[in-house]
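Now for the letters of each chain:
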Amino acid sequence: MAGTLVILATAYASTTLENDIKNTDRFLRYRGVPKCLLPISGRPALSWWYDEARAIYSNVYIVATAHSYKHFERWASGHSFPKENILNSGFSEGAISDISFVHRVKDINDDLSIVPADLLFDNSRGHRLLETLKANGESKVIYHIPEHGDDPRIHRIAVAANSEILTKEDTADAKKLLICPVAFVIRHDRLTQLEPYLRKVHQEVKQVNSGENTVVSLEQDIFRFYEQEEGVKAIEVDYVTSYGYLNPRVTLKEYLEKWEKLLDSNIPPRSPENYPHHKQDPIVTRSFARVGLMGNPSDGFYGKTMSLLISNFWAEVTLIPNPLSQVEYTTISILPNPVADPHLFSSIESMAVISETDGYDNGDRLLQACCKVFFTHCKKNDIAINTKQGFSVLFETNIPRQVGLAGSSAIISAFWKTLLKFYGVTDKQIPLPLQASLVLSAEQDELGISAGLQDRVIQAYGGLVFMDFGKQQVDQYGYGKYERLNMDNLPPLWLAYVADPKDSGKVHSSVRQRFANGEPAVVDAMRQFAQFTTDAKDALEQREHKRFAELMSSNFNLRRAVYGDAALGNANLRMIDLAKQYNCVAKFPGSGGAIVGMWNGSDTSSRSEDLRDLRWALEKEGFVYVEIVPNAGEM
């Protein structure tokens, strides 16, 4: 296999169909999409024949404009098309200029086959056309006789009598034809003439302020170049309906009536018999919020923590497998969440208020990053997954935002578990400790979210877990040592959080740098947090709840000393003060915005009354109080 194919997506500034779409509200989702990427029977028109081209040519290039480049880049990602083979011509100055651009940039020495991007055919006819285009090593034009007299692609040519060679019209034996060109070839030894030709011939280009150009048609430009050549062959092929899509005057009405479903008969039938791995039933997975009971924030500083998964709040992901009848069977669609990722607002005021309250980060990016990390890990480690079937996915969450309860990691963790189920990947293939590190990678490496391993570990393991993030272990393996503990040894716990929170991640900012600088106070504090966790583990095993309460208080006090009141925030400190007033101890379960606590009075008969009064006091000042329900990791 050899040869080079150039797909020119620069022939027209815009087609009638593209202009019709811009002026029709019903089809806004296709506004700006190049005609060749509009769906024909459920697939982009270009997709119907690209696989044939890839099988015949060793190199395929697409020349796009500055306006259309991103569309082709996105298309390429789903067709194993090398991104570097999409060339951005800026604003085209004509077909020959674009062909010269490819030759110059890619240093092409093969015969160069050229087709307009709007070409459309089914695979059997397409294979024959491309084979004819590639054969014989000569410059050529492949054409069909016009079906209609008003096709703007119609070009007048003359061929020598009893031959297929282009000649001049005034030649005595010239045979004159009206044709519609389909494809072209410039022989390899003529490519060096492209730049001299461009210098010699004035291109009919008119720059306009919008960045669009008015250029001579692709057909006119190439035939003008052919005029200086000898032996250009003209080959007629039978007209087929799909060639009509090349007409730049195809309207939206014609597209809907004729083209949108033109190739439905070419869609191969699917059945459970020939798709034995087809998934049919939706997969619903939950991942729950967590509270850091001891040791945090040392999980990000090679320390130790103890964390508990709780049933009160969760993120839920629903994966809906694509049906066998779906044309684009492999596609993946992220469906918007109306609360977490709103795309519809009741008014501009509503949009402004929601933006002020919830910010601009959305959950879609979490799902996308999770998919990328999952696929990349499977590919890198030879874990076989069936990618022939795609899915739609959506999430919902009731985990309070920005209060340090691991809401974003819960969304990723839930989706991660869903992907494991959908693709049939087991915990043996990706062990739980590694899963937690990969979920962290989706947030930290892909999205730049400051985070530690604690949240992802507890959401992978469930229940109550003791975590040791010793530096040697983490540096060598990428994860720590994790031990499940008996939840029955825990005292009753409660949670309070800010009803109208601010960003919970700001409290980590300066301490991380101080730790990296080796500041003794910070380094020693992280060691002390780790020791609190070890002592808390021993206390729970002995069911010494008073000792556990003392350690919770010590954990908070040390954190306050290291971070300072300004970083902790008045609202968080106020919740802690209220807890003390009602015989309770409390600490931060995460990075801020919430506290986790327990009753620590001496008279058990007053316990219920103390907690009731604490709840009322918290609620009066705008906080939310809930009694924690531990979760063993149930989905």
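Residues numbered from 1 in each chain as written. Predicted model: local features only at pLDDT ≥ 70, side-chain atom pairs only at ≥ 80, totals over all residues. Heavy atoms only, no water.

A. Spatial organisation of the UniProt feature "domain: GHMP kinase N-terminal" (unreviewed entry) in the protein chain. According to UniProt, the positions carrying the feature "domain: GHMP kinase N-terminal" (unreviewed entry) are residues 379–463. The straight-line gap between the two end C-alpha atoms of residues 379–463 is 31 Å; of that span, 51% is helix and 8% is strand. (UniProt positions renumbered as here; feature names shortened; annotations may be inferred. Helix = DSSP H or I, 4+ residues; strand = E, 2+ residues; numbered from the N terminus.)

B. Expanded view of unusual backbone geometry. Here the amide bond leading from Asn-296 into Pro-297 is cis, since omega sits at 15 degrees, within 30 degrees of zero. Structurally, the position occupied by Pro-297 is in the loop between strand 13 (283–294) and strand 14 (304–321). The phi angle at Ser-80 is positive, at roughly 50 degrees, despite the residue not being glycine. Relative to the elements of secondary structure, Ser-80 occurs in the loop between helix 3 (69–77) and strand 5 (86–88). The exposure class assigned to Ser-80 is exposed, which follows from its relative accessible area of 62%. For Tyr-302, which is not glycine, the phi dihedral falls at a positive 60 degrees. Turning to its location among the elements, Tyr-302 is positioned in the loop between strand 13 and strand 14. (Buried < 20%, exposed > 50% of the residue type's maximum accessible area, 1.4 Å probe, protein only.)

C. Quick peek at the packing of helix 16 (residues 520–541) against helix 17 (residues 545–563). Contact pair helix 16 / helix 17: the axes reach a minimum separation of 9 Å and the direction vectors enclose 165 degrees. Looking at the two axes, helix 16 sits roughly antiparallel to helix 17. Pair helix 16 / helix 17 crosses with left-handed handedness. Residues Val-522, Ala-525, Gln-528, Phe-529, Phe-532, Asp-535, Ala-536, Ala-539 and Leu-540 of helix 16 pack against His-545, Arg-547, Phe-548, Leu-551, Ser-554, Asn-555, Leu-558, Arg-559 and Val-562 of helix 17. (Axes fitted to C-alpha atoms, helices over the stretch in contact; angles between N-to-C directions. Parallel < 35°, antiparallel > 145°, perpendicular 65-115°, else oblique. Left-handed = near helix turned anticlockwise from the far one by under 90°. Contact = heavy atoms within 4.5 Å.)

D. Structural context of helix 17. For helix 17, with 19 residues, the first-to-last C-alpha span of 27 Å sits near the 27 Å given by 1.5 Å per residue. Taken from the residues just after helix 17, Gly-564 is the one with a positive phi, measuring 90 degrees. (Expected span 1.5 Å × (residues − 1).)

E. Summary view of the sheet that holds strand 19 (residues 494–498). Ordered by their spatial adjacency, four strands build an open sheet running 20-21-19-22, and the pairing between neighbours is antiparallel. With one partner strand each, in any of the chains shown, strand 20 (584–587) and strand 22 (623–627) form the two edges of the open sheet. Averaged over all neighbouring strand pairs, the angle between strand axes comes to 25 degrees, with direction disregarded. Bridge analysis of strand 20 against strand 21 (residues 594–599) gives four bridges, and the strand direction is antiparallel. In the sheet register, Lys-587 faces strand 21, and the bridge partner there is Val-596. Contacts from helix 17 reach strand 20 and strand 21 within the one sheet, and its direction differs from that of strand 20 by about 45 degrees. Sheet contacts for helix 20 (residues 607–620): strand 19, strand 20, strand 21 and strand 22; angle to strand 22, the most-contacted strand, approximately 150 degrees. (Pairing = 2+ DSSP bridges.)

F. Region of interest: the packing of aromatic side chains. Scanning the model with the defined rule gives 24 aromatic pairs in all. With a centroid separation of 5.4 Å and 85 degrees between ring planes, the pair formed by Phe-374 and Trp-416 is classed as edge-to-face. Placement of Phe-374 in helix 10 (residues 364–380) and of Trp-416 in helix 11 (residues 407–423) is noted, with a sequence separation of 42 residues between them. Trp-416 matches Phe-374 in its accessibility class, with the two residues each being buried. Their ring planes at 80 degrees and their centres at 6.5 Å tell us that Phe-529 and Phe-532 sit as a pair that is edge-to-face. Of this pair, Phe-529 and Phe-532 both sit in helix 16, three residues apart, which is roughly one turn of that helix. In this structure, Phe-529 and Phe-532 share a single accessibility class: buried. Here the aromatic residues Phe-374, Phe-391, Phe-415, Trp-416, Phe-422 and Tyr-423 are joined through ring pairs into a cluster of three or more. A cation over a ring is seen here: Arg-43 above Trp-48, with NZ or CZ 4.8 Å from the ring centre. Sitting above the plane of the Phe-301 ring, Arg-512 keeps its charged end 4.7 Å from the centroid. (Phe/Tyr/Trp six-rings, centres within 6.5 Å; stacked < 30°, edge-to-face > 60°. Lys NZ or Arg CZ within 6 Å of the ring centre and 35° of its normal.)

G. Representation of the confidence of the model for the protein chain in the model. Taken residue by residue, the protein chain gives an average pLDDT of 89. The fraction at 70 or more is 94%. Every residue in residues 203–214 is under pLDDT 50, and counting partners more than four places away or in other chains gives 27 contacts. Scored below 50 in pLDDT, residues 503–508 makes 16 contacts in the model with residues more than four places away or belonging to other chains. (pLDDT = per-residue confidence, 0-100.)

H. Region of the structure containing the packing of helix 10 against helix 11. One can describe the packing of helix 10 onto helix 11 by two numbers: an axis separation of 9 Å at closest approach and a directional angle of 45 degrees. Considered as vectors, helix 10 and helix 11 are oriented oblique to each other. Read as a crossing pair, helix 10 and helix 11 show a hand that is right-handed. For the pair helix 10 and helix 11, contact is made by Leu-366, Leu-367, Cys-370, Cys-371, Val-373 and Phe-374 and by Ser-408, Ile-411, Ile-412, Phe-415, Trp-416, Leu-419, Leu-420 and Tyr-423, respectively. Across the contact of helix 10 with helix 11, the residue classes tally to 13 nonpolar, one polar and no charged. (Nonpolar A, V, L, I, M, F, W, Y, C, P; charged D, E, K, R; others polar.)

I. Broad picture of helix 3. Restricting attention to buried positions, one finds in helix 3 the residues Tyr-69, Phe-72, Glu-73, Trp-75 and Ala-76. End-on view of helix 3: buried residues confined to an arc of 160 degrees, all on one side of the axis. Turned more than 90 degrees off the buried face of helix 3, the exposed positions are Arg-74 and Ser-77. Summarising the contacts, the buried residues of helix 3 are in contact with strand 3 (43–44), helix 2 (47–56), strand 4 (59–64) and strand 5. (Arc of directions from axis to C-beta.)

J. Region of the structure containing the side chain of Asp-118. Within the secondary structure layout, Asp-118 lies in the loop between strand 6 (112–116) and helix 5 (123–134). Ignoring any residue separated from it by four or fewer positions in sequence, one finds Asp-118 in contact with Thr-15, Lys-35, Cys-36, Tyr-245 and Leu-246.

K. Spotlight on the pattern of salt bridges. One pass over the full model with this rule turns up 30 salt bridges. Note that Glu-73 is salt-bridged to Lys-83, the shortest N-O span being 3.0 Å. Taken as a pair, Glu-73 in helix 3 and Lys-83 in the loop between helix 3 and strand 5 lie far apart in primary sequence, ten residues in all. (Salt bridge = Lys/Arg side-chain N within 4 Å of Asp/Glu carboxyl O.)

L. Spotlight on the environment of Glu-273. With respect to the secondary-structure elements, Glu-273 resides in the loop between helix 8 (252–259) and strand 13. Residues Glu-273 and Ser-68, 205 residues apart in the sequence, show an inter-C-alpha distance of 41 Å.

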